[in-house]
Every structure is written in structure tokens, then in C-alpha cells.
Amino acid sequence: MTNINTFLKALLGATALTAFSTGTAQAQANDFTPAGTEVSNTFTLDYNVGGVAQPQIDSTATPTLFTVDRLVDLTVTSNGDAIVVPGATDEELVFSVSNEGNDTQAYDLTIVEETATAGDTIDSDDPAGAVPSLVYYIDDGNGTFEPGAADGSAVTYDPNNPPELGADEVLWVVVTQDIPISATDGDHADLSLVADTLEPASSPSAGTPVTADGDGNNLTGAAENVLADGFGTDNEVANAGDHSATGTFIIASATIVGEKVVSIHTEDGTNCPSIPGTPVPGGYSIPGACVEYIISVENSGSATATDFIVNDVLPSELEFVSAVFGGDFVSGSFTPALPAAGTDCLSGACVVNLTGASLPAPVAPAISTTGTVTIRAFVK
Ligand SMILES: [Ca+2]
Ligand SMILES: [Ca+2]
Ligand SMILES: [Ca+2]
Ligand SMILES: [Ca+2]
């Protein structure tokens, strides 16, 4: 009997390892024999003596029996990192918790704001005034996160009434956080979800963490707990009834630098309205000369910057000629309309105001994008 039982446990262990190594919410159902199942078996024996058949030996009256024990196993998986911007509120990370054992269990859920994982540079913030920001959904069985649809409505996590999963069931956990306005492009905030297996409501010790059987195997009677979980992060260890995974808020921001340069386009004022036209280098800025201002805005970040307002009020010593915007600026307009050519810039009469422009993030191998506003004017 011992040999039969040892073989079954080895088989369960091997299957559990396979399930763990493929550990995603999309893993195939294990369809393990439920914990507590009593397995009964008999045999018959026929033989001859001197060529004469002897009475059959039949063990039906004394079957071999054993109880299938409780395999406690689970996998926590991050459903992907989230690209966020500084100051964003109510940003979400999603995790799955899969019951890969052979019985219904309850789960304690804990969020760890990591401070020492590789790449972690900042912490996210709990949403201002938030009630507990951990909610979950029970998967409908297809292993795909479908909140508010096939996976039903959000349930707020209550540690006093923890969620329960049957064998092969999956839980989706959504963590909501705010991103500090002080975060900068490339910052990472790592959060880990730790799920700890609890005795289910049906157990006399409901709500307490599962413990491994410690006194050896009883072949029959109640199912005994065998903890077969691995470990996902440094927040837990193997064979302790728990598992964890880390998700990351990746901060993508625009990194903006602006500058303005002035040059003499032509000393005698020729070709001034034509942008870009052909400059005549080396000229003096004498009255009648055409001066050129170029305002350059550079984005070397990883997010598009929007709603630019580039405002330039030309000094009184000039007479407006023309202005254009271009480079990598997308959309935008001069609002209010540009002054008419020949406008005397006395008393702030020459306003060049670009509004509503966007500057996309560079696409490798480029390391930056540049938008420009070019203004021409005569020296009075
Ligand atoms: Ca952190
Ligand atoms: Ca689903
Ligand atoms: Ca035992
Ligand atoms: Ca573990």
C-alpha cells in the first residue's frame, strides 16, 4: 500500500511542477483529483496447480484505500507594466492569482511598495482620500482579463472576507495608485502582489494561513496539506503556501529644452520675408537690416508634449516682417493672428504667439525632436 501511495504523490508533484513552470493565467486547467477523494482498488488472482484451475482469489471484500491529499499551489503573475506620466492619478497594475492546487482555498492579498528591487527608483502614492484601492474580479474561466464584462463587477478586497478560488480558478487583482508629480522620465515604481493561501470558509480554521502536514502521511482519513508553491519575489519563499509577482509603473515624460538665437539674415534687408531664404553672413545690424530669431524647442523624453504656447513680443526697435513655425511641431496656430508685415513694434504691437502645438517623443535612432518658430524683422 505504501508503494502505491508513494507513486501517486510523485505523480502529483511532477504535474504540479509542470503547471508552475508554465505559470500564467492562461495555463491549462490541471483537473487534479479533488482533495479528500477516497480511492479504492481491488484485484483478482487466478492460477493453476497440476493443470487444474484453482479457486480465484478476490480482494473485493478488502479493497486497498487511500485519500487524495490536499495540494496547495498557486501562481501570481503580473499582467504587464503600465506606462504613466508624472502626476497621473488612479493608474492601475493588474495581477492574476491562479489556484493550481486541488481544493478550494481563500487568499490573503498584500501589496508591497518595493524599494530595493533592480530598476526601482521611486514609490507610487496611494490615491488621495482613497478607500482601500485593491479590487478584484473572478475570471470567467477563459484566462483573459475582462473587467466589468465576462469577469463581472469589481469587488473591493476585504481581508476579513477574503476571496476564494476553486481548483484551477483565477482571480484578477487591480492595484490603483497615483504617480508623483516629481517623477521624471524613465523612473520606475515597482509594486509586488503577495497572495497567501488561507483555509477557506468551509474549514474549521477558516481565514488562517494553510500549514503543511507535519507528522507524515496517513493513507486514509482526512486529506493532509502538502505545500507545493514556488517563490516569485523576495517577499516569500517556496513551499509556504504563498506566491508573488512584481509589476512596474514606468514613467514616460517629455524632457523639454527651449532656446532662442538671433542672427543677421541680410544687412541690407533683402529676402527678409522669404523663410528660410538665403542668408548673407557677416552683416551688421544696422537700421534696415533683416534680423532673424529662431526659437527652438527640443523633446528628448519618451512622451509627447502637448499644448505648447510659445510667446514672443518683439522689442520696440523692430518692424515686423514675417514668422513661421515648423520642424517637428505638430498642429498649432498663431493665435491671435500675426501682425501685418510692416507693423511698427512700438509698445508691444508685434506679438508672435504659437498655441496648441505638440512635439512628439523621438523614435530611435533619433534622440530628440525639435520644433521651431522663426521670426524676421527689420531694424528701425
Ligand atoms: Ca519604489
Ligand atoms: Ca475572463
Ligand atoms: Ca499526517
Ligand atoms: Ca511561496
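Residues numbered from 1 in each chain as written. Chains lettered and ligands numbered in written order. Predicted model: local features only at pLDDT ≥ 70, side-chain atom pairs only at ≥ 80, totals over all residues.

1. A closer look at the overall build of the protein chain
- Within the protein chain, the regular secondary structure consists of one helix and 25 strands.
- Over its C-alpha trace the protein chain gives a radius of gyration of 36 Å, far above what one expects of a compact globule, namely 21 Å for 380 residues.
- Once the C-alpha set of the protein chain is aligned to its principal axes, its extents read approximately 130 × 50 × 35 Å.
- Burial analysis of the protein chain (380 residues in total) assigns 31% to the buried set.
- Taking the intrachain contacts of the protein chain between residues at least 6 apart in sequence as the baseline, contacts between residues at least 24 apart amount to 73%. (Helix = DSSP H or I, 4+ residues; strand = E, 2+ residues; numbered from the N terminus. Rg over C-alpha atoms; globule rule 2.2 N^0.38 Å. Buried ≥ 20, exposed ≤ 12 C-beta atoms within 10 Å, placed from the backbone. Contact = placed C-beta atoms within 7 Å.)

2. Some remarks on the sheet that holds strand 25 (residues 369–379)
- The four strands lie next to each other as 19-20-25-22, forming an open sheet whose pairing is antiparallel. Each edge of the sheet is formed by a strand with only one pairing partner; in this case those strands are strand 19 (256–266) and strand 22 (318–327). The average undirected angle you get between the axes of adjacent strands in this sheet is 15°. (Pairing = 2+ DSSP bridges. Axes fitted to C-alpha atoms, helices over the stretch in contact; angles between N-to-C directions.)

3. Comments concerning the environment of A340
- Relative to the assigned elements, A340 resides in the loop between strand 23 (333–334) and strand 24 (351–359).
- Each C-alpha atom, one on A340 and one on S322, is 8.2 Å from the other, the two residues being 18 residues apart in sequence.

4. A few points about the sheet that holds strand 24
- Taking strand neighbours across the sheet as the criterion, the three strands line up as 21-24-23 in an open arrangement whose pairing is antiparallel. Edge positions in the open sheet fall to strand 21 (305–313) and strand 23, since each of these has one partner strand only.
- Bridge count for strand 23 against strand 24 is two bridges, and the pairing is antiparallel. Of the residues in strand 24, the one forming a bridge with S333 is T355.

5. Concerning the domain arrangement of the protein chain
- If you check the domain split of the protein chain, you get domain 1 (2–45 + 52–251) and domain 2 (256–379).
- Relative placement of domain 1 and domain 2: their C-alpha centres are 60 Å apart. (Domains from an automatic or database assignment.)

6. Thoughts on the pairing of strand 10 (residues 91–99)
- With five bridges joining them, strand 8 (residues 74–78) and strand 10 adopt antiparallel strand pairing. Each residue of the ladder has a partner; that of S78, found in strand 10, is F95.
- In terms of strand pairing, strand 10 meets strand 15 (residues 170–177) through eight bridges, oriented antiparallel. Residue pairing across strands places E92 opposite T176, the latter belonging to strand 15.

7. Focus: the nonpolar core
- Counting residues in hydrophobic clusters, the biggest one holds 37 residues, and the most contacted among them are V97, Y107, L171, V173, L193 and A195.
- What V97 contacts, discounting residues up to four positions off in sequence, is L74, V76, Y107, V170, L171, V173 and A195.
- The next biggest cluster of nonpolar side chains, apart from the first, holds 23 residues, and it includes L354, A357, I375 and A377. (Core = buried A, V, L, I, M, F, W, Y, C linked by C-beta atoms within 7 Å.)

8. Comments concerning unusual backbone geometry
- Cis rather than trans, the peptide bond between I275 and P276 has omega equal to 10°.
- As for its placement among the helices and strands, P276 is situated in the loop between strand 19 and strand 20 (290–299).
- Residue P336 is bonded to the preceding T335 through a cis peptide linkage, with omega at -5°.
- Tracing the backbone shows P336 in the loop between strand 23 and strand 24.
- One non-glycine residue with positive phi stands out, namely D168, at about 75°.
- Mapping D168 onto the fold places it in the loop between strand 14 (164–165) and strand 15.

9. Points about the pairing of strand 16 (residues 188–198)
- Burial runs high along strand 16: 10 of the 11 residues are buried.
- In this structure, strand 11 (residues 105–113) lies alongside strand 16, joined through eight bridges in antiparallel fashion. Considered in strand 16, the bridge of D108 is made with D196.
- Where strand 16 lies against strand 18 (residues 242–251), nine bridges are found, and the strand directions are antiparallel.

10. Notes on the confidence of the model for the protein chain
- Across the protein chain, the average pLDDT comes to 91, with 92% of residues at 70 or higher.
- Taken together, the stretch residues 1–24 has pLDDT below 50 and engages in 24 contacts with residues farther than four places along the chain or on a different chain. (pLDDT = per-residue confidence, 0-100.)

11. Structural notes on the environment of S96
- Here S96 shows up in strand 10.
- Judged by local crowding, S96 falls into the buried class, with 23 C-beta atoms found within 10 Å.
- For the pair S96 and V291, spaced 195 residues apart in sequence, the C-alpha to C-alpha distance is 63 Å.

12. Examining the environment of T37
- Here T37 is to be found in the loop between helix 1 (2–21) and strand 1 (38–41).
- Given 13 C-beta atoms within a 10 Å radius, T37 is considered partly exposed.
- Between the C-alpha atom of T37 and that of D69, which follows or precedes it by 32 residues, the distance is 8.0 Å.

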